[in-house]
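Remarks on the overall topology
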Amino acid sequence: LAVLDAGYRLVRGSRRSLHPVRESDWWASVRQQRGNAADVLMWRLHGPGWRRRADAPLGRRPQHLLTTAAALAAAGSAVIGRRRAATLLSLGWLAATVEFCWHRIAPGPKDRAEVARMISTSLVIPPVATWHWLVGIWRYRGVRRRQLSRHRRMLPAAVLLDRDGTIIHDVPYNGDPAQVQSMPGARSALDRLRAAGIPLGVISNQSGIARGLIDAGQVAAVNARVEELLGPFDVWAICPHGDEDGCECRKPQPGLIYRAAEQLGVKPQECVVIGDIGADVDSARAADAHAILVPTERTRQAEVLAAPLRAATLADAVELVLTGGERR
């Protein structure tokens with residue numbers, strides 16, 4: 001998960017196992033049930049989707065919980081004199097235990113010692129697994145809450161990015177998706193923000209619409225190509241106006257930031273704006289948002305000097321976001 005959060009991806013490889021595997025003692029499989037407590041910690045730290053992200057199957061814990069519950073309920077029913085209920089629950093426990101035993105015995109080997117070990121440990125594993133799971137729930141009951149509250153103090157509510165010159169190469173008034181080319185490292189940088197749970201938006205001036213050089217459909221097609229290359233964005237805020245229109249959305253006005261923040265359900269002051277020219281920074285200032293400038297060859301020196309925070313690349317800007325550097 002740390003590798004995924006860093007923007008990398010995992011691929012499957014292959015391995016070769018030499019049999020027979022090393023010897024293990026009689027109760028090794030019982031001791032392995034301590035991992036149920038670790039599963040609780042993973043859930044607390046990384047949320048309910050951690051198994052899907054880590055490709056870690058749940059295993060048989062639900063069956064172990066039911067088997068243990070049946071055994072406890074049978075014992076309780078017997079104590080209070082409900083024989084019929086105790087009998088039915090005991091049969092349920094026995095059926096579940098037999099199924100678990102056979103699940104482990106069937107693959108082999110089926111020599112007498114191995115079968116005896118599978119039977120004895122299969123009787124013990126369900127309650128032991130349940131015990132460790134309950135211990136984990138108690139031991140790690142506050143971990144996720146503490147981790148997330150610390151995480152949220154460090155991270156912005158959203159990151160809003162300029163399009164041309166920031167996440168893709170600037171092609172003036174481009175209406176052709178085939179000309180879209182992502183900035184170096186942009187996909188991995190944006191995936192790091194997604195992995196951290198930060199909503200992403202694009203705020204872009206497209207005055208070519210007002211000038212009749214491109215139309216809204218072409219802009220939408222280019223934006224769709226951007227998402228093909230760089231992944232999905234949670235919101236797109238586009239200004240179709242020209243300088244003479246006097247709108248409140250064209251950067252350096254703050255309208256695009258207000259619109260994106262409203263659609264995301266966050267406050268502009270909690271957002272970080274990443275762009276490549278002074279208009280991006282000025283728009284962030286007008287909205288009381290945080291700004292990071294990633295200069296390119298078209299960025300004027302005065303804009304670079306006036307920026308409150310600068311980064312050499314988009315990846316460096318993302319690193320500032322994830323480490324809380326945008327707040328300094």
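These numbers come from a predicted model, not from an experiment. (Residues numbered from 1 in each chain as written. Predicted model: local features only at pLDDT ≥ 70, side-chain atom pairs only at ≥ 80, totals over all residues. Heavy atoms only, no water.)

What to know about helix H11 (residues 255–264)
- Within H11 the residues assigned to the buried category are Gly-255, Leu-256, Ile-257, Ala-260 and Ala-261.
- For H11, the secondary structure elements touched by its buried residues are strand S1 (158–161), strand S2 (200–205), strand S3 (235–239), strand S4 (271–275) and helix H12 (278–286).
- After H11 finishes, the residue Gly-265 shows a positive phi value of roughly 75°. (Buried < 20%, exposed > 50% of the residue type's maximum accessible area, 1.4 Å probe, protein only. Helix = DSSP H or I, 4+ residues; strand = E, 2+ residues; numbered from the N terminus. Contact = heavy atoms within 4.5 Å.)

Observations concerning the sheet that holds S3
- Read across the open sheet, the 5 strands follow the order S3-S2-S1-S4-S5; overall the sheet is parallel. The outermost strands of the open sheet, each flanked by one partner alone, are S3 and strand S5 (290–293). Geometrically, the sheet is characterised by an average inter-axis angle of 20° between neighbouring strands, direction not taken into account.
- Of the pairings in the sheet, the one linking S2 to S3 comprises 5 bridges and is parallel in character. (Pairing = 2+ DSSP bridges. Axes fitted to C-alpha atoms, helices over the stretch in contact; angles between N-to-C directions.)

A few points about the pattern of salt bridges
- What the rule picks out here adds up to 18 salt bridges.
- With a shortest N-O distance of 2.1 Å, Asp-55 and Arg-12 are connected by a salt bridge. Of this pair, Asp-55 sits in the loop between helix H4 (50–54) and helix H5 (61–79) while Arg-12 sits in the loop between helix H1 (2–5) and helix H2 (28–31), and the two are 43 residues apart along the sequence.
- Note on Arg-12: relative accessible area 72%, which makes it exposed. (Salt bridge = Lys/Arg side-chain N within 4 Å of Asp/Glu carboxyl O.)

Focus: the packing of aromatic side chains
- Counted by the stated rule, this structure contains 1 aromatic pair.
- Ring centres of Phe-233 and Trp-236 lie 5.5 Å apart, and the angle between their planes is 75°; this geometry places the pair in the edge-to-face category.
- For Trp-236, a relative accessible area of 21% gives the class partly exposed.
- Over the face of the ring belonging to Phe-233 we find Arg-194, whose NZ or CZ atom lies 5.3 Å from the ring centre. (Phe/Tyr/Trp six-rings, centres within 6.5 Å; stacked < 30°, edge-to-face > 60°. Lys NZ or Arg CZ within 6 Å of the ring centre and 35° of its normal.)

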